[in-house]
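# Architecture and fold: a report
One letter stands for each residue in the lines below.
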Amino acid sequence: MNLLLIDRESYTRDMIRFGLQAEMDMQIIDASSCQEGIEKLEQFKANKKALELLKKASADEAAILALDGKTHFDAVFCAYEADILNIINWLKEHDDKAELIVWNKARAENVMEQDTSGIHTYVVDEDVVESLKERLRTLMVDREITVARPQTGTLDDIYCPIRTPLLIRISPLTSDIYIRLSEKKYVKIFPEGETFDQDDLQKYYSKKGVEYLFLKKDETSEFLGKFQSDLDALIAKSDITIEEADVAVSEAYETVQELLQRASLTEELKEVARTAVMVTVKSMGFQPELKKILERLKDNKGHYISSHSMLTAHLACAISAGMSWQSSATYEKLTLAAFMHDITLTNDSLAAVQSLDELEERKLEFTDEEVKAFRNHPMDASNLVYQMKRIPADVDVIINQHHERTDGSGFPRGLMHMHIGYLSCIFIISHDLAHFMLSHKQHEGTLEEFVATHKKHYLRGNFQKVLDLIVSEYVRTS
Ligand SMILES: [Fe+2]
Ligand SMILES: [Fe+2]
């Protein structure tokens, strides 16, 4: 299903997109005005013509796939605007079959001098997302619309990468393992049931530098099952150390992250993520201490995305404990937010970018797609979390706000400090602190230096309270 979503407010568009995509598989193109909406309609119409020509000319498959699924809209949703008549007329003139759904019937009826007969349906004001969802569902059934997903048309859609060293853990192998030669060629190198041992690891990982091997996307269940049972075993133990939890959790984390890039958020993936959070919360104990966490950091190596996520989780819990918020529910929220906040990013140096200004300065280091993924990642990750039923409230909000700044210079929404929640403040400072500690070499970064360099950003509202706690912590321990 393709939907054109028109609304002046980007926040409203995001909210509607979020509500729809949490439950329905659809492609949403948005526009901030009726004029822009018409441009999008024109563009899709042009795509349709181009696609017909390409097909006639038996053009390259990739060129055809790039346009496929972008040739028509099944529905147009628009908040009532005075110039909606332009949309109505455009659809009539082009005999376009898109269903025009309009929000705010009362306003439409007040302006009866306009011919609104081209509006097919109205959705109610009170719960616009729910009533829009209901209308779209009916439309899908009536018109037998199938899900339109952009396809890349390569084998990369079928296979999932798995970090090569992880294969040792699931030996004997629970599914066939492949090596990727190109996007069009994967070759099976280990059949299911075979042992993957240290010699294999040496050969592929150490000597040939093959960092990832692959399995078929629909065969990931057994693989995840192995991580799930390892994590379950840790939960069942009466006492677990942070070190022991860290190994299991970071491996599970990286696997979830990889699989998410290629497959959707399946029940198994959600369960592994939830259990990893439980293991972490359990390993931290009731009163995690900031000082001990920073001491342990000395031997912290590994990938930036997983290591800064785990460190942020530990720091945020220690800070909330310092503020007398020792509750496992709070730890769970902060830890889950930490695990998921950058989960849609794959490039470690991209995840280390702190602001859109820094992104702009370093944009030559990244592809256009990566730049776009970074801009959208707070929204994308909070969308994903929103889909994980049984998760505590606030987690999606923390994730959405993790790049906001006290003075409104952050993103995606440029919120001022008074609109940033308390837990988000703890999270944002812990995230800054984790980044600061990981970007300094051993013994170079101290809490005192962190406060000295970052203080000016935290002198407002709830941020100030968190800062005071960090200051009292280094005064107490120095
Ligand atoms: Fe991050
Ligand atoms: Fe981030």
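Structure shown above.
Treat the numbers as computed from the prediction; the structure is a model and nothing was measured. (Residues numbered from 1 in each chain as written. Chains lettered and ligands numbered in written order. Predicted model: local features only at pLDDT ≥ 70, side-chain atom pairs only at ≥ 80, totals over all residues.)

### Re the overall build of the chain
Assigned secondary structure in the chain consists of 20 helices and nine strands. Within the chain, buried positions represent 32% of all 478 residues. Pairs at least 24 residues apart make up 69% of the contacts formed inside the chain by residues separated by at least 6 positions. (Helix = DSSP H or I, 4+ residues; strand = E, 2+ residues; numbered from the N terminus. Buried ≥ 20, exposed ≤ 12 C-beta atoms within 10 Å, placed from the backbone. Contact = placed C-beta atoms within 7 Å.)

### A closer look at the packing of helix H12 (residues 304–322) against helix H13 (residues 328–340)
For any two helices packed against each other, the geometry is given by the interaxial angle and the distance between the axes. Taken N-terminus to C-terminus, the directions of H12 and H13 make an angle of 155°; their axes are 8 Å apart at the nearest point. Relative to H13, the element H12 lies roughly antiparallel. When the axes of H12 and H13 are compared, the crossing they make is right-handed. Across the interface between the two elements, Ser309, Thr312, Ala313, Ala316, Cys317 and Ser320 from H12 touch Thr330, Tyr331, Leu334, Thr335, Ala338 and Phe339 from H13. Its residues assigned to classes, the contact of H12 with H13 comprises seven nonpolar, five polar and no charged. (Axes fitted to C-alpha atoms, helices over the stretch in contact; angles between N-to-C directions. Parallel < 35°, antiparallel > 145°, perpendicular 65-115°, else oblique. Left-handed = near helix turned anticlockwise from the far one by under 90°. Nonpolar A, V, L, I, M, F, W, Y, C, P; charged D, E, K, R; others polar.)

### Topic: the sheet that holds strand E2 (residues 27–31)
Ordered by their spatial adjacency, five strands build an open sheet running E2-E1-E3-E4-E5, and the pairing between neighbours is parallel. Whereas interior strands pair on both sides, the edge strands pair on one side only; in this sheet they are E2 and strand E5 (121–123). Each adjacent strand pair in this sheet contributes to an overall mean axis angle of 25°, direction not counted. With five bridges joining them, strand E3 (residues 75–79) and strand E4 (residues 99–103) adopt parallel strand pairing. (Pairing = 2+ DSSP bridges.)

### Structural notes on the packing of helix H8 (residues 220–236) against helix H10 (residues 267–284)
Look at H8 against H10: their axes get within 9 Å of each other, and the N-to-C directions meet at 25°. Taken together, the axes of H8 and H10 lie roughly parallel to each other. In this structure, H8 crosses over H10, and the sense of that crossing is left-handed. Counting all contacts with H8, which are made through Ser221, Leu224, Phe227, Gln228, Leu231, Asp232, Leu234 and Ile235, the residues of H10 involved are Glu268, Leu269, Glu271, Val272, Thr275, Ala276, Met278, Val279 and Lys282. Of the residues in the contact of H8 with H10, the class split is ten nonpolar, three polar and four charged.

### Some remarks on helix H7 (residues 198–207)
Among the ten residues of H7, one are classified as buried, and the element is accordingly described as predominantly exposed. Positive backbone phi, at 65°, marks Gly209, one or two positions downstream of H7.

### Some points on the nonpolar core
In terms of nonpolar packing, the biggest core is built from 76 residues, with Ala276 and Leu334 touching the most fellow members. Beyond its immediate sequence surroundings of up to four residues, Ala276 is in contact with Leu231, Val249, Ala252, Tyr253 and Phe339. Leu41, Ile87, Leu91 and Ala98 belong to the second-largest nonpolar core, a separate cluster that totals 29 residues. (Core = buried A, V, L, I, M, F, W, Y, C linked by C-beta atoms within 7 Å.)

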